[in-house]
Structure formats: C-alpha cells, structure tokens
2 protein chains.
Amino acid sequence: MVVVASLRLPSLTSLFFASSRSTHRAPAALFRRRHSSRRQPFLAAAKFSAQSAASSPPETTEELAVNLKKSSNSSKTNQDRVITPRSQDFNAWYLDVIANAELADYGPVRGTMVIRPYGYAIWEAIQDYLNVKFKETGHSNMYFPQFIPYSFIEKEASHVEGFSPELAVVTIGGGKELEEKLVVRPTSETIVNHMFTQWIHSYRDLPLLINQWANVTRWEMRTKPFVRTLEFLWQEGHTAHATPEEAEEEAMKMIDVYTKFAYEEAAIPVVVGRKSREETFAGAVRTYTIEAMMGDRKALQAGTSHNLGQNFSRAFDTQFMDENGQRQHIWQTSWAVSTRFVGGIIMTHGDDAGLMLPPKLAPVQVVIVPIWKKDDEKAGVLNAASSAKEVLHSAGVKVKLDDSDTRTPGWKFNFWEMKGVPIRIEIGPRDVASGSVVISRRDVPGKQGKVFGISMEPSTLVEIKFTASFFSLVCSNIVDVSSYDELKEAISQGKWARGPWSASDEDEARVKEETGATIRCFPFEQPAGTKTCLMTGQPAEEIAIFAKSY
Amino acid sequence: MVVVASLRLPSLTSLFFASSRSTHRAPAALFRRRHSSRRQPFLAAAKFSAQSAASSPPETTEELAVNLKKSSNSSKTNQDRVITPRSQDFNAWYLDVIANAELADYGPVRGTMVIRPYGYAIWEAIQDYLNVKFKETGHSNMYFPQFIPYSFIEKEASHVEGFSPELAVVTIGGGKELEEKLVVRPTSETIVNHMFTQWIHSYRDLPLLINQWANVTRWEMRTKPFVRTLEFLWQEGHTAHATPEEAEEEAMKMIDVYTKFAYEEAAIPVVVGRKSREETFAGAVRTYTIEAMMGDRKALQAGTSHNLGQNFSRAFDTQFMDENGQRQHIWQTSWAVSTRFVGGIIMTHGDDAGLMLPPKLAPVQVVIVPIWKKDDEKAGVLNAASSAKEVLHSAGVKVKLDDSDTRTPGWKFNFWEMKGVPIRIEIGPRDVASGSVVISRRDVPGKQGKVFGISMEPSTLVEIKFTASFFSLVCSNIVDVSSYDELKEAISQGKWARGPWSASDEDEARVKEETGATIRCFPFEQPAGTKTCLMTGQPAEEIAIFAKSY
C-alpha cells in the first residue's frame, strides 16, 4: 500500500487533484471563534446517532418535533457555536461538523437525513466524477422502479436472509390494502434480474452494462448521518456476462475505479481487498471492498464490488443462448458507492476546526477574503479581490469572494476553515500595493500553511505551485500480528491488526464477539512467503485485516 | 403565440438548438422494415395503459410475469417488428415506439416503468439543461427524505384532499408495524415546510431557493409509460420569500425557464398560462402551466410552477422576523418538470417511422452510415466515415458510426430513423471519390430532406448550413369560439377551443362532463378589447383554452 506520497502540484488549477495533510500535528485551538457565546446543544444530534429501534420504540412525530425545536437554531448562524474537540468525543465532533458546516439535518422520520446544499454539492462532485468513469468503462445509466414485489426478495436464499430484517414495506396503495406487499428497494439485484430475463436472449446481448443513481431504503437500527441512514443515495452498477472470467474482470475493474476515486479525488488512502465469507454481500460469490481508516481509526467500508456468479441468474432463471446454441445462466456483478462516502470524507480529513475537504470535491475550492481597515483602502482591495476571483473562475476553479462587510476577516477565516475550503487567498492594502496575495492552505495549520507574496498577475495566479506531503494515518496504525493475543492487543489500542488467517467462520465470529473487530478484508497486497494462521497455527494462504468498523 | 418560425441554423454543431419539422406531409410508408416477419403483440402494452385499479384488482406478480413473457422479445432485436401507424391508433403507436426504440419497459408492479438507457439518456439531457438553468437562477440542489409522516400530509386542507387518494403507504419497517404510517412522497411541500421551519428565522435567511431531483410516487388508476406512472422521476423546486411579490416573480421566472426549455431544447411549442381554480395544484394559490399539443391534438401539461402563497407556511407555522422585527409567514413557490416530458417529446415529434428527437436532447445526434458493395471499396469508405466521426465528436456532437457489416445500409437507415436520430450522414465510394458526403434530415422525409455533395473537409463538415421551417401543429388546431355550441363543435373535432370565460366552477365542471375537455389554462397572451363569456354572455376578463388532455 502506498501510504506516504510526496506530491508536487504544478498549479493552482491542477491542485484540485489530491489533497494532502499531516495528521501528526498538535491539535488546533479548541475555541477558534471569538464570538462563541454558548455551547450548541447537540442532544438531539447525539440522540439521533444512538437511536435504536431495538431498545426504544420509534418516536412519534410530536416527540421528534420537540427534539428538532431544541436544535432549531442549528442552521441559523455559525458564529454562535463551537465544535466539540475531535479528540474529546469523536462522535460529537462528527455531528457538530455536520451541523455547523450545514452538510445535513435530521429528517422528521427516525434515522432519515436531509442533505443540505453544501453537503449535496459534495455528493454532486462525487457523481460527476464517477458518472464519467462509468460511461468511459462502457456503462449506461437507466432507472428501475423502487417498488419490488415481496416475492422477488425471497427468491435468492442468502439475499432474503440478509435483507429481510431491514425492509420497509408498502402495504397500502391508493387507499386500499395491496394483495402483494411491496418492498421499497434495499438494493436492486432482484428487479434487475427480473428485467434482465426479459432483455437477454443471446450471447449477442452480452455483456449488458448498466448503472443507476437512486435512493435506497434499509431499516437500520442504529443510524448516523451519511454513514448509516434509513434512506440513502447511491449508484448501483449491474452487469451481465457470458463467462465467469468476464464477470470477475468487471468486478475487479470497478473496485479499481473506486480505489482510484478514493485516492485521487477524495484523497482517502484505502485498503483494497476481498471480504471474508461472513462479510460477503448477501447473494454474492465474492465481495471486493475499499476500507478507509477514519480519524478515530475505525474502518469504514467505502465502496464494494460484488461478483454475483450465477446466484441471481439461477434464482430468476436468467439465461442466454451461447455461441454453440446452448442455454446458460448469465454471470453477474453489482457495485455501489453511496452518500456514506461523504461521511468518510468528513471523518478522514476533518479536524478540531471543522471540515477539511479534498480540493477536487470541494464545493468551494478557493475563498478570497479581502482585508481593509480604512474606507479609502476598501475600493482598491475589493477591486483586486474581484479580479483574482475572475481569473480563477475563468480557469474553472470554484471560487467564492467573501466581501461582506458585516464580518471581520478573522471571523471569515474561521468560518471558511470550518467549512473546509482548501485554499484561502487574503488580499489587503499592502498586497494591493505590492501586486501580490497571501495564500493559506486549510490542510497545513498556521504560518506553515501560508505562502506570501504570490503575484497577482493572472498568469501567475493560476500557476501557483504547492508542495504537499501526504501523510497517512493508515501508515502508523496498521499493526502486523502473528497471534490472537497480539491481535487483541492491537485492537484494544484502537489499531488495525494485520495477520495470516485460515481459521474457520466460527473463529471469525469469536474474534468479533471478543474484540469487536471484524475482518475488513483480505487485502490484494499480500506479503510473499509462507504464512501461519494467527489463530490456529495452521498454514495460511493470506493475511487478513481486522478492525472495528462503522 | 409564435407558432411559425423560420430558423436559419449556421452550422451542424449549432444545429442542436431547435428541431424543425413539417407536420403537413403525407404519412410515411407503413412498413419500412423489409425483414418484418411478424406483428409484435402489444397486448401486454395496451393492457398496461388501460389498467385500472378501480375496475380490476391489482394483478399478482405471477400474472404479470405471464404478460411480460408474452412481450419478452420486445427488446431483443428491432428488425422483426413494425410500428402501428400513428393515424390508425395513436396509443398503440405510442407504445410501439417506446418498445421498438427501447425507451422504457414495464416494471413488475402494476403501473411502474423501467427507463431503459436510450430513454434515460433523453432524461439526462433534460436534466443537464435544466440543472444549469436552475443554478444560474440562484437555486441549490439538495435532498429531502422520501418518507413523510402521514400527519404532515393532513396539515394543509386542500393538499390532503388532492393527494390522499393517490398515496403509497409504508406500514411495516424492520419487520415491525410502525406507530405512524409513512407516506412515500407524492411531492415534498410538507416535508420541505417542516425543514424550512427549522432553517428560516430572519429576513436574512430569505430568499431560500432550492431544488431536488428525485423519484415520487402517486398511486394512479390509469397509467401510461412516461405520461403517468406510479413512480416517476422529476425535479421539484421549492422557494421561500419575504414578500408575495417576490414569490410571484419567482413562480413566473420558473415557468419562463420551462417555456424556453420547451421551445429551444425540445422544439415543442407550448401555450403558457394560468390554471383555472379547479385545475390549480392542491395547496397552491395560483398554478402556471405549459400546455403542449400532442400528435393526436390532446393537451399535455408539460411543466407547472405554483405560487403557494402562505398556505403551507401557515399550516406548518413557517415564520420569519422581518426587517421591522415583526414575525410573518413566508411566501412560497414550487415548480416541477418530470419524466412525463419524455412522453411529450415522443407524442409531439414522432411519426409512422418511429421516434423523432429534437437535436439538442437526442442521445445520438448524428449517425454515420458507410455504404459499400465491393470489398475493395470498404476500407476507403470506413476510413472516410471514421474521419467524419472524429471531426464531429471533437466538435462536441453526439455521433454514432454504424459500421456493422451484418446489416444492409437500408436496414440501418430505417433503424436509426425509428430511433429518431436527427441527422444521417451517408458515405459511399462515389462520395469518397468526390470528397463529399450526403446528409439526410429525420424531420424532412425522402429526397427533400437530403443534401448532396457536402464537402468532407473538417472545416466544412462542422459548418454545414441548414434551413429549417418550424411548422406547428398548434397553429391550425386552436379554434376561436364565442359560444358553448362552438366550443362543443371544436372539441368534437379534436381541436382546442379558445374563448372568453368568466363562468362558474360549476359551468367548468359541466363542460368537462359534457365534452371531456378541461380548461388547460388562461393563456398569458390575451387579445385586447372587451370580451363576452362564451357560456354566460356576461363580460369576461380573459380567454381560456379548453382541450381534452392526458
């Protein structure tokens, strides 16, 4: 795994390629906002994440309305609030960042989420990138209905076992009880196969490569904004092939698309690998995953690609006539990335000051803050700021000029840092006089992140050079273990444990029960040489990575 | 209303601006495909459109599976099928076009639709255009949950009256009966207001301008692909303002965006106006609409913009503090265009040969068909065709080169005409020799639509000039009437009737009952002078347009 990379970014416009940050720095000051007057009550928020339908009955709308009233100022203004320090309470910090940066809010129904414009813009940037990649790799978008006859879900044995506890079910339509209950899609393999059976007849109809952007519903017990919500947005690719080799190639190709996306767009280093049998998608033969390490060192499954084999084609009798005139069941894949990824971005990059967005996915990539004290300085400064904005805007940079005169520059610095804007350009009277600007990087705190005296000339402005070092949290937090004791020790320290594994599903379940950690994956990058299972002492083919996860 | 326009389009690349066609031509040959061997049974299709939950209970999945089997070849190959002549049976023609051009298919649940890649690509083109316009006019995208507490729907009196018969209701979640039933959104005004109440506090929070792209569910009795389905895709804009004037301005601005879209992108002439009280959106003060005339001269409501006044803000108590420190209810709008618009495109432009797509929204804008007889001609022809493709592709044209050698050029001509591709470029050995190509327009049949001897030079190819005449069906089919008898006569002839109207809601209901026609709108373009109500003989302020509609 590449965990340390030194990037030399050639220009401001091409900066929006991969973000960079050091995680080995002192925590930022707790209270950055001078105007903080009170602690924002995040009771409702904390309650949301801890809600459990198992331990408490669903709340009525009235109760929720009261909760929401409590936090009704959450989106009014930002200067009145603080963010819980990340090191103090990671979960509270996460919810504070989401509220303060106005990424999302709580929907009226337990476990649902409203994605607000700033959060949705991150999702749109994710969509824009992936949509192009999917089309480049030959996939077409389409749309399947979200209502699935209940009987469909029951056709594939492990699929129904995996999903039936999580279903939302429509029983009334147009004022009447329905004869067959309808499932609100938790995923679309069943209805996709139902349609594939109509569309696929011959090997000439293969491969069939499609994708849909859609909402899906899973009745989760414990929810957390972005990471796990009752309804979420995602893309789901579905493909049909004539041979198992082609299906495998497709599944690998798409986990590779996700891996590149994570590294190059989201600046999130991920471990790529295969899920254990226990953790494989309900209905898949093999599941590939990208696992990201969050700021609290828990793992987040950030994208998956499934080789479905013939499980669904046998259940739905999806056959084709091969070149020899023989009828065969098709070979399939499915793969998905969801709004959960936005949660991954927050939890990977954020710090005590708030959000820290990877440049390529940031809704605002550069904020320009003009600084003046005397009235006669204002016009010159605003002029220069507007020109800089125009130059960057024309170069395709998402730039925001914060020229309001009701806030101080210091307030604006803090505000846009909290919003995670990657680059700040400061322009004051002295800069105007010298024809230069000051640049501050969100990912490098304090003076170290500042570059002074950048020329205001358009040709220079769009060619600003940065040197960025990409230190990964992952590097120092994956521990090689050779025994179960070592594994337990690593997990108890909040780290990921990596070691040879060939033990049984029961042993895997025991690890989960005793440590809280699961096999995140068997990583594609495997060490050479003979290996001995950390649990049984028997020979092992592969190393696995264990971690606690979201 | 502008119903006749002569456009001179400067180049092939800018051709994709507004399509053009003559509707006053002889019907095309019925059976274009030489290989037609059998009539595709569209029983299942016709059944779909005529399905009525009122007259027949919902079908079981098994029954539907049988139906789908009947038409299971519908998407296999196209050369085996014919399209019902449009003049013979407009509905059968519509369903045939959808099936043959592979725009959509029937979902397993009654009234649901699968949007296939070619149909979805049209929707994506619609999204691409509108999304830019929405952002240019200051709106941000976001996402609201689709599950709405049942009690929300009941808060606004006329809203619940309008929507309660059409609701899909989730009563089971995670295997348990829910305490409060959840509505699958039929539209989002209620949940939007619930959230606006959290977010809006001061006049400084206004205007709040948002939009979401989403699926919505309405339990329709009679369904028809694209036009009316149980679940459909749309965008819904929602805005909040400090004054009624601003809300009115916004509602007008957005119906104007839709009007320009209809004319300039979809090449659909529409009548823009205000809905009658009876036809106003459930919960709105005023509804503005664009009404399009389909090929069978029925009206299609193709987009609406609602001034909601304070109806929802009073129901949800959405208030703000104005500049004088007074609490006031906000003023709101909402506006929507849906996948129904794709149905409007099919029914406006299509002909007996199949689909006819407006250039700007066509998934394939130009198809190149190479023609060769002898083997020694093939390489030269394919070479020239590839070059032409590259030139157009680089110029941003969506171009397809159909170089398969299993089909004849004639078969390809028919196939791509059926798929509605606006421009065909033919390249044969003689064209290669003379360095030129032949161009055929989809909207002008036969030799009239052909232009010979266009130079193959890249600079010429992207600068091809067309003269297009834009004859509208609307022009000759709106009849001015001054009495109820004249109105009845016009409607019975399948035309739209336009006349002064100041009669009661009861009279409006009577017209509907006796003629099947409704007031489509009071058009914005009103004649000058005094008017006398066609029904009552009393003075009238406005003329209304009556028509049968989808």
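Predicted model, so just to flag it, every value in this text is computed and none were measured. (Residues numbered from 1 in each chain as written. Chains lettered and ligands numbered in written order. Predicted model: local features only at pLDDT ≥ 70, side-chain atom pairs only at ≥ 80, totals over all residues. Heavy atoms only, no water.)

Quick look at the overall build of chain A
Counting secondary structure elements, chain A contains 17 helices and 27 strands. Per-residue burial over chain A gives 61% buried out of 550 residues. Summarising the internal contacts of chain A: among those between residues at least 6 apart in sequence, 72% fall at separations of at least 24. Carbon and sulfur atoms make up 50% of the accessible area of chain A, which amounts to about 21100 Å² in all. (Helix = DSSP H or I, 4+ residues; strand = E, 2+ residues; numbered from the N terminus. Buried < 20%, exposed > 50% of the residue type's maximum accessible area, 1.4 Å probe, protein only. Contact = heavy atoms within 4.5 Å. Areas by Shrake-Rupley, 256 points an atom, 1.4 Å probe, with all protein chains shown as cover.)

Things to note about the environment of A:K447
All names here are of chain A. Within the secondary structure, K447 sits in the loop between β19 (436-441) and β20 (450-455). When its relative accessible area of 70% is taken as the criterion, K447 is described as exposed. Residues K447 and P186, spaced 261 residues apart in sequence, show a C-alpha to C-alpha distance of 48 Å.

Quick word on helix α13 (residues 409-418) of chain A
Note: α-helices contain 3.6 residues per turn, so residues at a spacing of three or four share the same orientation. All names here are of chain A. Counted residue by residue, α13 has eight buried out of ten residues, so it is predominantly covered. Those residues of α13 not exposed but buried are W411, K412, F413, N414, F415, W416, E417 and M418. In this fold, the buried residues of α13 make contact with α4 (90-100), β16 (366-370), β17 (399-401) and β18 (423-427). The first or second residue beyond α13 is G420, which carries a positive phi of 80 degrees.

A closer look at the packing of α4(A) against helix α11 (residues 340-349) of chain A
All names here are of chain A. Relative to each other, α4 and α11 sit at 115 degrees, their axes nearing to 11 Å. Of the two elements, α4 crosses α11, and the hand of that crossing is right-handed. Side by side, α4 and α11 meet where F90, W93, Y94, V97 and I98 of the first sit next to G343, I346 and M347 of the second. By residue class, the composition of the contact of α4 with α11 is seven nonpolar, one polar and no charged. (Axes fitted to C-alpha atoms, helices over the stretch in contact; angles between N-to-C directions. Left-handed = near helix turned anticlockwise from the far one by under 90°. Nonpolar A, V, L, I, M, F, W, Y, C, P; charged D, E, K, R; others polar.)

What to know about the relation of the copies chain A and chain B
Least-squares fitting of chain A to chain B yields an RMSD of 0.0 Å, with the superposition described by an axial translation of 0.0 Å and a rotation of 180 degrees. Taken together, the rotation and translation describe the operation of a two-fold axis. For chain A, the minimum C-alpha distance to the rotation axis belongs to A:V170 and amounts to 2.1 Å. Of the interface residues in chain A, 100% have counterparts in chain B that sit at the interface too, so the contact is made through matching surfaces. (Least-squares fit on C-alpha atoms with pLDDT ≥ 70 in both.)

Comments concerning the pairing of strand β12 (residues 299-309) of chain B
Consecutive side chains along a regular strand alternate between the two faces of the sheet. Residues and elements named next belong to chain B. Judged by how many residues are buried, β12 sits mostly within the fold: ten of eleven residues are covered. Two strands pair when backbone bridges link them, and strand β11 (residues 286-293) and β12 are joined in this way by eight bridges, in the antiparallel orientation. Bridged to M293 within β12 is A299. A loop of five residues connects β11 with β12, the two strands running antiparallel in sequence, and R297 in this loop sits at a positive phi of about 70 degrees. (Pairing = 2+ DSSP bridges.)

Examining the pattern of salt bridges
Applying the stated criterion across every chain yields a total of 40 salt bridges over all chains. Between A:K275 and A:E291 there is a salt bridge, with the nearest N and O atoms lying 2.7 Å from each other. In this pair, A:K275 sits in the loop between β10 (270-274) and β11 (286-293) while A:E291 sits in strand β11, placing the two residues 16 residues apart along the sequence. Classification of A:E291 by relative accessible area gives buried; the value is 0%. Close ionic contact of B:D485 with B:K488 constitutes a salt bridge, the shortest N to O distance being 3.9 Å. (Salt bridge = Lys/Arg side-chain N within 4 Å of Asp/Glu carboxyl O.)

Observations regarding helix α17 (residues 505-515) of chain A
Residues and elements named next belong to chain A. Every buried residue of α17 is listed here: D507, E508, V511 and T515. Along the axis of α17, the buried positions cluster into a sector of 105 degrees, meaning they face one direction only. Along α17, the residues that are exposed and aim more than 90 degrees away from the buried face are E506 and E513. Against α16 (484-492), β23 (496-501), β24 (518-523) and β27 (542-547) lie the buried residues of α17. Just downstream of α17 lies G516, where phi reads positive at about 85 degrees. (Arc of directions from axis to C-beta.)

Some details on the packing of aromatic side chains
Residue and element names in this part refer to chain A. Using the criterion set out here, one finds 30 aromatic pairs over all chains in the structure. With a centroid separation of 5.5 Å and 65 degrees between ring planes, the pair formed by Y288 and F524 is classed as edge-to-face. Here F524 lies in the loop between β24 and β25 (531-532) and Y288 lies in strand β11, a separation of 236 residues in the sequence. What links up through ring pairs into an aromatic cluster is the set W123, F134, W213 and W335. Between K298 and the ring centre of Y550, over which it is positioned, the NZ or CZ distance is 4.6 Å. (Phe/Tyr/Trp six-rings, centres within 6.5 Å; stacked < 30°, edge-to-face > 60°. Lys NZ or Arg CZ within 6 Å of the ring centre and 35° of its normal.)

Considering the interface of chain A and chain B
The interface is formed by 68 residues belonging to chain A together with 68 residues belonging to chain B. Summing both partners gives a buried area of about 5500 Å² for chain A against chain B, and 62% of it is carried by carbon and sulfur. Of all residues in chain A, A:Y143, A:F147 and A:W199 bury the most surface against chain B, accounting for 11% of the area lost on that side. Taken together, the connections running from chain A to chain B amount to two salt bridges. (Buried area = accessible area lost by both parts, 1.4 Å probe.)

Description of the sheet that holds strand β6 (residues 168-173) of chain B
As summarised here, the arrangement of the six strands in space is β5(A)-β7(A)-β6(A)-β6(B)-β7(B)-β5(B), forming an open sheet in which the pairing is antiparallel. Looking at the sheet topology across the chains shown, the edges are occupied by β5 (147-149) of chain A together with β5 (147-149) of chain B. Pairwise comparison of adjacent strand axes, ignoring direction, gives a mean angle of 45 degrees for this sheet. Relative to strand β7 (residues 176-184) of chain A, strand β6 (residues 168-173) of chain A runs antiparallel, the two sharing four bridges. If you follow A:V169 over to β7(A), its bridge partner there is A:V183.

Examining the side chain of A:T259
Here A:T259 shows up in helix α9 (residues 244-265). Not counting the four nearest positions on each side in its chain, A:T259 is found in contact with A:V270, A:V272 and A:I290.

Things to note about the confidence of the model for chain A
Residues and elements named next belong to chain A. A residue-level look at chain A finds 83% of positions with pLDDT of 70 or above and a mean pLDDT of 85. A low-confidence stretch, residues 1-79 (pLDDT under 50), is modelled with 193 contacts involving residues beyond four sequence positions or located in other chains. Within the model, pLDDT remains below 50 along residues 465-471, and this stretch shows 36 contacts once partners closer than five positions in the same chain are excluded. The complex model carries a pTM of 0.86, and its ipTM stands at 0.86. (pLDDT = per-residue confidence, 0-100.)

Notes on the sheet that holds β19(A)
Residues and elements named next belong to chain A. Read across the open sheet, the five strands follow the order β17-β16-β18-β19-β20; overall the sheet is mixed. Looking along the sheet, the strands with just one partner apiece sit at the ends: β17 and β20. Across the sheet, the mean angle from the axis of one strand to that of its neighbour is 25 degrees, orientation sign disregarded. With four bridges joining them, β18 and β19 adopt antiparallel strand pairing. By the bridge assignment for β19, E426 is matched with V438.

Section: the pairing of β19(A)
Residue and element names in this part refer to chain A. Summarising burial for β19: six of the six residues are buried, a large majority. Neither face of β19 is exposed, since S436, V438 and S440 on one face and V437, I439 and R441 on the opposite face are all buried. Taken together, the four bridges between β19 and β20 define a ladder with antiparallel strand orientation. Bridging across to β20, I439 finds its partner in V451.

Here we look at the environment of B:E245
All names here are of chain B. Of note, E245 is situated in helix α8 (residues 244-265). Classification of E245 as exposed rests on a relative accessible area of 56%. The sequence separation of E245 and W331 amounts to 86 residues, and the corresponding C-alpha distance is 8.8 Å.

Some words on the side chain of B:N211
Residues and elements named next belong to chain B. For N211, the location among the structural elements is in strand β8 (residues 208-217). In terms of polar contacts, N211 uses its side chain to reach the backbone amide nitrogen of G237, at 3.4 Å. Those residues in contact with N211 that lie beyond four places of it in its chain are F134, S140, N141, M142, Q235, E236, G237 and W335. (Polar contact = N/O pair within 3.5 Å; in protein donor to acceptor, adjacent residues only side chain to side chain.)

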